[in-house]
Amino acid sequence: MTDLDLTILPESPNHAHAIERLHERTFGPGRFVLSAYRLREHVDHLAELSFTAWIGTLLVGSVRQLPIMIGETPALLLGPLTVEPPFRSRGVGRLLLDRAISDARAQGHKLIMLVGDEPYYGRVGFKKIPKGRVTMPGPVDAARLLVLELAEGAFEGVGGAIRPDWSKAR
């Protein structure tokens, strides 16, 4: 998949500054107005389900997952997933995505949702959420709301407002 000497590691508190700098470079200041960031304001991502990609001591990618509720159903919000521009299209994002999904499944999570491009995320099984079935806190392109069932039928009958899982609030 990649010809890079890449190491995928669980995120640690020591990575926070480097990850924030990566987000600054790849998403810019406009990232704070996105609906997904409204969900991240009061509940921290799950470090045990968030990962970093390294080449030696150089951070080249990161993915995080946040506990959310879709209506009354617990789920994860995947994102942001980002890779340093010179290392894109080399399989780094896919390796981070695969690790995040496999560890979420192994820990018993049933659903992962995200706001993203279906052609990219569809390759690992994410599907568009039918329009009107869920609502985000703020404007979002409904065509970019995607879900992945980690257990067969886990999204059946699920819908409603997407909000942070307040039981995990700081």
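Reading guide: rules and limits
Residues numbered from 1 in each chain as written. Predicted model: local features only at pLDDT ≥ 70, side-chain atom pairs only at ≥ 80, totals over all residues. Heavy atoms only, no water. Helix = DSSP H or I, 4+ residues; strand = E, 2+ residues; numbered from the N terminus. Buried < 20%, exposed > 50% of the residue type's maximum accessible area, 1.4 Å probe, protein only. Areas by Shrake-Rupley, 256 points an atom, 1.4 Å probe, with all protein chains shown as cover. Polar contact = N/O pair within 3.5 Å; in protein donor to acceptor, adjacent residues only side chain to side chain. Contact = heavy atoms within 4.5 Å. Pairing = 2+ DSSP bridges. Right-handed = clockwise from strand over helix to strand, strands pointing away. Salt bridge = Lys/Arg side-chain N within 4 Å of Asp/Glu carboxyl O. Phe/Tyr/Trp six-rings, centres within 6.5 Å; stacked < 30°, edge-to-face > 60°.

Draft legend 1. Spotlight on the overall build of the protein chain. Broken down by element type, the protein chain carries four helices and nine strands. Each helix (α) and strand (β) of the protein chain, taken in turn from the N terminus, gives the series β-α-α-β-β-β-α-β-α-β-β-β-β. Burial status across the protein chain gives 46% buried among its 170 residues. Surface exposure of the protein chain reaches about 8600 Å², of which carbon and sulfur atoms provide 55%.

Draft legend 2. Quick peek at the side chain of Ser 50. Within the element layout of this structure, Ser 50 appears in the loop between helix H2 (35-39) and strand S2 (51-55). For Ser 50, a relative accessible area of 0% gives the class buried. One polar contact links the side chain of Ser 50 to the main-chain carbonyl oxygen of Leu 46, over a distance of 2.8 Å. Discounting chain neighbours no more than four positions away, the residues touching Ser 50 are Leu 9, Pro 10, Glu 11, His 45, Val 63, Arg 64 and Gln 65.

Draft legend 3. Focus on the pairing of strand S4 (residues 73-83). Within S4, nine of the eleven residues are buried, leaving the element largely enclosed by the surrounding structure. As paired elements, strand S3 (residues 58-70) and S4 share nine bridges and run antiparallel to each other. Following the sheet pairing, Val 63 is matched in S4 by Leu 81. Between S3 and S4, which pair antiparallel in sequence order, lie two residues; one of them, Gly 71, sits at a positive phi of approximately 65 degrees. Note on the crossover from S4 through helix H3 (residues 92-106) to strand S5 (residues 111-115): the handedness is right-handed.

Draft legend 4. Representation of the pattern of salt bridges in the model. Throughout the structure, instances matching the rule amount to five salt bridges. Among the salt bridges present, the one from Arg 64 reaches Glu 11, with a minimum N-O distance of 2.9 Å. Note that Arg 64 is positioned in strand S3 and Glu 11 in the loop between strand S1 (7-10) and helix H1 (16-27), a separation of 53 residues in sequence. As far as burial versus exposure is concerned, Arg 64 and Glu 11 are alike and both buried. For Asp 103, the salt bridge identified is with Arg 99, shortest N-O distance 3.2 Å. Of this pair, Asp 103 and Arg 99 are both found in helix H3, four residues apart, which corresponds to roughly one turn of the helix. Accessibility expressed as a relative area gives 27% for Arg 99, which makes it partly exposed.

Draft legend 5. Summary view of the pairing of S5. Here S5 lies mainly inside the structure; four of its five residues are buried. In the sheet, S4 pairs with S5 via two bridges, with the strands oriented parallel. Considered in S5, the bridge of Leu 76 is made with Ile 112. Relative to strand S8 (residues 145-149), S5 runs antiparallel, the two being bridged by five bridges. Bridge assignment links Leu 111 to a residue of S8, and that residue is Glu 149.

Draft legend 6. Structural context of the packing of aromatic side chains. In this structure the tally under the stated criterion is two aromatic pairs. Between the aromatic rings of Tyr 121 and Phe 126, the centroid separation amounts to 5.9 Å while the plane-to-plane angle is 75 degrees, which identifies the pairing as edge-to-face. You'll find Tyr 121 and Phe 126 in the same group, each marked buried.

Draft legend 7. Local environment of the environment of Pro 130. As for its position among the elements, Pro 130 is in the loop between strand S6 (127-128) and strand S7 (134-135). Owing to a relative accessible area of 43%, Pro 130 belongs among the partly exposed residues under this scheme. Considering only alpha carbons, one finds Pro 130 and Ala 143, 13 residues apart in sequence, at a separation of 8.4 Å.

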